[in-house]
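Secondary and tertiary structure notes
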Amino acid sequence: MGCIEESTTTSIPSELIWKAWCDNYLKDGIKTGQKGHVVVDEKKGVKFKIEEIVEGKSLTILWFSHFVKLRFFHKVEKCDEGSLIICRV
C-alpha cells in the first residue's frame, strides 16, 4: 500500500505547532487509545482513534471514513528556520 507525504518549513516554533494541534483538534486531551468524533461545518462527522503519541514530536491518528480507514502520521521537528512539519497518509 502506498503513502502520500508532504512537508513544509515554517518560522513558527515546534512547541507552538504541537500546542495548536492539541488545542484545536484534541480538546478532550491527548492519550493513546483515545477515540473521538470531529464534526465539520456541514454537520458531517468523522470518527478517529489516536494510535501513538510522542509528546511534542509526533502523533498517529486512524480516521474512519465511510469506505476506508486512513492513518495519518503527523510530525514536527525543530530546524534552523523554525520547524519542519511532515504529514504522511
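Keep in mind it's a predicted model, so treat the numbers as computed, not measured.

1. Focus: the overall build of the protein
In terms of regular secondary structure, the protein is built from 1 helix and 6 strands. Secondary structure elements of the protein, listed N to C terminal, follow the sequence β-α-β-β-β-β-β. Based on the C-alpha atoms only, the size of the protein along its principal axes is roughly 40 × 30 × 25 Å. For the protein, the share of sequence-separated contacts (at least 6 apart) that also reach a separation of at least 24 residues comes to 36%. In the protein, the 14 positive side-chain charges and the 13 negative ones have mean positions that sit 10 Å from each other.

2. Some thoughts on the nonpolar core
In this structure, Ile 17, Trp 18, Trp 21, Cys 22, Phe 48, Ile 50, Leu 59, Ile 61 and Val 76 together form the largest nonpolar core, which totals 9 residues. Here this core gets 4 residues from one element, more than from any other, and that element is helix α1 (residues 14-25). Sequence-distant contacts of Ile 17, that is, excluding residues within four places in its chain, are made with Thr 10, Ile 12, Val 76, Ser 83 and Ile 85.

3. Overview of the packing of aromatic side chains
Evaluation of the coordinates by the stated rule reveals 3 aromatic pairs. Summarising the aromatic geometry, the rings of Phe 48 and Trp 63 are spaced 5.5 Å apart at their centres and angled 45° between planes, so their arrangement reads as tilted. Here Trp 63 lies in strand β4 (residues 58-64) and Phe 48 lies in strand β3 (residues 45-54), a separation of 15 residues in the sequence. Judged by relative accessible area, Phe 48 falls into the buried class, the value being 6%. Taken together, a centroid distance of 6.3 Å and an interplanar angle of 80° make the contact between Trp 63 and Phe 72 edge-to-face. These aromatic residues form a ring-pair network of at least three members: Phe 48, Trp 63 and Phe 72. The positively charged end of Arg 88 is found above the aromatic ring belonging to Phe 73, 4.2 Å away from the centroid.

4. With respect to the pattern of salt bridges
According to the stated counting rule, one finds 4 salt bridges in the structure shown. A salt bridge links Glu 51 to Arg 71, with the shortest nitrogen-to-oxygen separation between them at 2.5 Å. Of this pair, Glu 51 sits in strand β3 while Arg 71 sits in strand β5 (residues 69-79), and the two are 20 residues apart along the sequence. For Arg 71, a relative accessible area of 36% corresponds to the partly exposed category. Put simply, Lys 75 and Glu 77 hold a salt bridge, and the shortest N to O gap is 3.1 Å. Classification of Glu 77 by relative accessible area gives partly exposed; the value is 29%.

Rules used in this analysis
Residues numbered from 1 in each chain as written. Predicted model: local features only at pLDDT ≥ 70, side-chain atom pairs only at ≥ 80, totals over all residues. Heavy atoms only, no water. Helix = DSSP H or I, 4+ residues; strand = E, 2+ residues; numbered from the N terminus. Contact = heavy atoms within 4.5 Å. Lys, Arg positive; Asp, Glu negative; His and termini not counted. Charge placed at Lys NZ, Arg CZ, Asp CG, Glu CD. Core = buried A, V, L, I, M, F, W, Y, C linked by side-chain atoms within 4.5 Å. Buried < 20%, exposed > 50% of the residue type's maximum accessible area, 1.4 Å probe, protein only. Phe/Tyr/Trp six-rings, centres within 6.5 Å; stacked < 30°, edge-to-face > 60°. Lys NZ or Arg CZ within 6 Å of the ring centre and 35° of its normal. Salt bridge = Lys/Arg side-chain N within 4 Å of Asp/Glu carboxyl O.

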